[in-house]
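For reference, the chains in residue letters:
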Amino acid sequence: MTYYERIRSLREDHDLNQTQIAALLHVVQRTYSDYEIGKTRIPVESLIVLARFYNVNMDYITGVSDERKPFPKK
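Computed from a predicted model, the values in this text were never measured in an experiment.

Some words on the environment of Lys39
- Its place among the elements puts Lys39 in the loop between α3 (29-37) and α4 (44-54).
- With 35 residues separating them in the primary sequence, Lys39 and Tyr4 have C-alpha atoms 9.3 Å apart.
- In this structure Lys39 touches Arg30 and Asp34, once residues within four positions along its chain are discounted.

And the structure:
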């Protein structure tokens, strides 16, 4: 699964809309939509925010692994 498919799947699993996640990332809905369709690459900083928000590790959210582990604590 690609990172953009994964961020969409996570959003839908949490019953959230694109506008809500865009607000979390401080972008407009259209920009977030472009992230989800792979038109625009999502910044690493935004992936970190999403991983923390969904409590999943970076390997999972980026699609490197299908094993869902919690976001690491400092």
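Brief notes about the side chain of Gln18
- Locating Gln18 in the fold gives a position in helix α2 (residues 18-25).
- Once you skip the residues sitting within four places of it in the chain, Gln18 turns out to touch Arg11, Gln29, Tyr32, Ser33 and Glu36.

What about the packing of aromatic side chains?
- Under the definition given, this model contains 3 aromatic pairs.
- Ring centres 6.1 Å apart and planes at 80 degrees place the aromatic pair Tyr32 and Tyr35 in the edge-to-face group. Placement of the pair is Tyr32 and Tyr35 together in helix α3, with a separation of 3 residues, close to one helical turn. Across the pair, Tyr35 and Tyr32 agree in class, each one buried.
- With a centroid separation of 5.1 Å and 70 degrees between ring planes, the pair formed by Phe53 and Tyr54 is classed as edge-to-face.
- Phe53 gets classed as partly exposed once you look at its relative accessible area, which sits at 42%.
- By relative accessible area, which is 4% here, Tyr54 ends up buried.
- When the ring centre of Tyr60 is taken as reference, the NZ or CZ atom of Arg6 above it lies at 3.9 Å.

Focus: helix α1 (residues 3-13)
- When α1 is considered as a whole, its buried residues turn out to be Tyr3, Arg6, Ile7, Leu10 and Arg11. One side of α1 holds all its buried residues, which, seen down the axis, span an arc of 130 degrees.
- Against α2, α3, α4 and α5 (58-61) lie the buried residues of α1.
- With its phi angle positive at about 55 degrees, Asp15 sits one or two positions after the end of α1.

Cut-offs used in this document
Residue numbering note: each chain is counted from 1, following its sequence as written. Reporting in this predicted model follows two pLDDT cut-offs: at least 70 for local features of residues, and 80 or more for side-chain atom pairs to be given and counted; totals over whole chains, interfaces and linings ignore these cut-offs and use all residues. Only hydrogens and water are set aside when side-chain values are computed; all heavy atoms of the structure are taken into account. Note on conventions: DSSP H or I runs of at least 4 residues are helices, E runs of at least 2 residues are strands, and numbering of each starts at the N terminus. Only heavy atoms enter the contact rule, under which two residues are in contact if any of them lie within 4.5 Å. Within 6.5 Å between ring centres, the rings of Phe, Tyr and Trp (the latter by its six-membered ring) count as paired, and their orientation is classed by plane angle as stacked under 30 degrees, edge-to-face over 60, tilted in between. Think of it in three bands: residues with accessible area under 20% of the maximum for their type are buried, residues over 50% are exposed, and the middle band is partly exposed, with areas taken using a 1.4 Å probe on protein chains only. Charges are assigned to positions over rings by a cutoff of 6 Å between ring centre and Lys NZ or Arg CZ, combined with an angular limit of 35 degrees from the ring normal. Here, the arc refers to the directions that run from the helix axis to the C-beta atoms.

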